[in-house]
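# Summary of structural features
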Amino acid sequence: MISLHGRTVVPGYAEGEALVTREPISGWGGIDPAQGRIIESRHELNGLCFTGKVLVFPSAKGSSGWSSFFQATRLLGTAPVAMVITSLSTKSALGAVVTRVPAVTDLDRDPCELIRTGDWVRVDATHGLIEVKPASERS
Amino acid sequence: MILTDEEKRMRDGAEGAATAAAMDLLIRYGDALACDRLCDVRNVAGTMTQPSPVKQKLVQEGGWERAFAVINLDCDDDIEVPAMRVPTCQLQAGFGPDAQGIVPYPQKSIELQQDAEAFYGARGVSILATCTPYQVGNIPVRGEHCAWMESSAVIYANSVLGARTNCEGTASAGAASLTGKIPCWGNHKDENRFGTHLIDVRTPTRSFLDWGMLGYFAGGVAGEEHPVITGDLARPDLVDLKHFGAAAATSGGVELYHIPGVTPEAPTLEAAFGTAKTPEPVVYGPAQRSLVYRTLNSQGTTTDVDFVLLGCPHASVDQVRRAAKALEGRSLSPGTELWLMLPRALKDVADRSGYTAVIERAGGRLLGDSCPAMSRTAPKGTRVFATDSAKQAHYLPAILGIEAWFGTLEDCVDAAVTGRWRGDLR
């Protein structure tokens, strides 16, 4: 079990399987809210679905539509269950707020390095605590 | 978050339920940013009128009041939408009535947007309907705190005008319009406005194409931070910096850059970095320029072009004039369409100046309010498009699943006339 400590962006608790990228995520033009998928053609997660996952990403990039596209995933039922964001900006902060999912940033170690896609992640955003059970240890 | 007495009164409902919801959103947003106070803004550029499937459903359920509550305030309650507290404008949106019969875009969406414009106009939202409010009269002064959306407008306001805005979203801009407040974070503070990366340009950067490619490179280098650009640069104009900024905000998340001797907060290279040491430069030479060109042109394999898109960000009058000049006396290939996007207010100028007539005689179209990426709409059957915009070349293939070519205005017009892409980096 790996633990990371950070700061609350949106309080709350959620757990789920991690979907991790080391590349910034674009909202508008980068995701399809109807399907809950990354659609940016050159993105390493292109085609993958984040619905129900703990989305772990370094930062938000691109259009100011970032937050409303993630808000749309909430309204359409395709949202991630939590967000872990290495470097926060207005786009990702507002995005997490209007997606209304627990979210954490400013972690003591790099979440995009330590968490792997498929790991089971508990996000206690209220206390800024993240616990990771690596996929290799999951039965 | 520390609130003033005025802000507490708003939060507690003294100005009505909508303003209280707006203040609640600003507090949640400010807390998310670990920001301790709000600052006053009286210039908001947001989006309220653009149709979307989600918005259409909300309007059916509870009218524009419901749509504004959910989308612009992140509020689930039934509220009445009052007049905007501070000057607020609508940015680019969906296509308008001028697109009817030309653009394969639902009539229902055009009507929904017109309905929205009446609703929001009556509440004091100016319908500029452009991604370039600074081209049609909304030009904040240096140091002015704003709450703007639209990454290409935000980077222009911060860098070229020296105004102060973060890249706001739909809900934070909506909340700002009802309160005149926004978290005092990031670009609003002096200490956060200095350069972080130095880019040394060692290849002549002269043209609109050059500036767009340099911007695309700068965004890749600086990410969300602040590139400072020096070197072999011709003095840019509004159009060059419009393209540069849009590209830098697309490939990275740049909201502020400095060009010493050109942009207002960087009279010198040293001033651009403030008290920090000037970093080692990242070189942008012929090899880097060539790589950017190849990257932007890596999304096309078929050289048959069915669609040419100009005016991203929305064209200036001078860009329309240049497009008219390039199209004078020529005709588009039968299988190719050409759209030039611009603010409707400038379309009026283009009409009076005769540019519209020249472009339409050649078979091209001038369209206001929107763009193919915003409205997710291209001519029917488009498989391959060409554009002079790095931003549109980046986004449209993902949004519409089409191939892209990127080049100069002349290359694009040549493609529109011949139906073939023959552009190259010269």
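All values derive from a computational prediction rather than experimental measurement.

### Quick notes on the pairing of strand β7 (residues 197–205) of chain B
All names here are of chain B. Bridge count between β7 and strand β8 (residues 227–233): six bridges; the pairing is parallel. Along β8, the bridge assignment pairs Leu 198 with Val 228. With helix α7 (residues 208–222) bridging β7 and the parallel β8, this β-α-β connection has right-handed handedness. One ladder, built from four bridges, connects β7 with strand β9 (residues 281–284); its direction is parallel. Among the inter-strand pairings, Ile 199 is bridged to a residue of β9, identified as Val 282.

### Points about the interface of chain B and chain A
On the chain A side, the residues contacting the 30 residues of chain B number 30 residues. Listing elements by their share of the side of chain B that touches chain A, those giving two or more residues are α2 (17–32), α3 (53–73), α5 (151–159), α6 (170–179) and α15 (390–400) of chain B. Of the residues forming the side of chain B that touches chain A, the biggest block, four residues, is contributed by α15(B). Tallied by class, the residues present in the side of chain B that touches chain A amount to 15 nonpolar, ten polar and five charged.

### Some details on the nonpolar core
Ranked by internal contacts, the top residues of the largest apolar core, which has 185 residues, are A:Val9, A:Ala103, B:Leu73, B:Val308, B:Leu340 and B:Phe385. Beyond its immediate sequence surroundings of up to four residues, B:Val308 is in contact with B:Thr336, B:Leu338, B:Phe385, B:Ala386, B:Cys412, B:Ala415 and B:Ala416.

### Section: α5(B)
Residue and element names in this part refer to chain B. Of all the nine residues making up α5, nine are buried; the element is thus mostly covered by neighbouring parts of the structure. Buried residues of α5: Ser 151, Ser 152, Ala 153, Val 154, Ile 155, Tyr 156, Ala 157, Asn 158 and Ser 159, and no others. Packed against the buried residues of α5 are β2 (44–46), β5 (147–148), α8 (238–251) and α15.

Reading guide: rules and limits
- Residues numbered from 1 in each chain as written.
- Chains lettered and ligands numbered in written order.
- Predicted model: local features only at pLDDT ≥ 70, side-chain atom pairs only at ≥ 80, totals over all residues.
- Pairing = 2+ DSSP bridges.
- Helix = DSSP H or I, 4+ residues; strand = E, 2+ residues; numbered from the N terminus.
- Right-handed = clockwise from strand over helix to strand, strands pointing away.
- Contact = placed C-beta atoms within 7 Å.
- Nonpolar A, V, L, I, M, F, W, Y, C, P; charged D, E, K, R; others polar.
- Core = buried A, V, L, I, M, F, W, Y, C linked by C-beta atoms within 7 Å.
- Buried ≥ 20, exposed ≤ 12 C-beta atoms within 10 Å, placed from the backbone.

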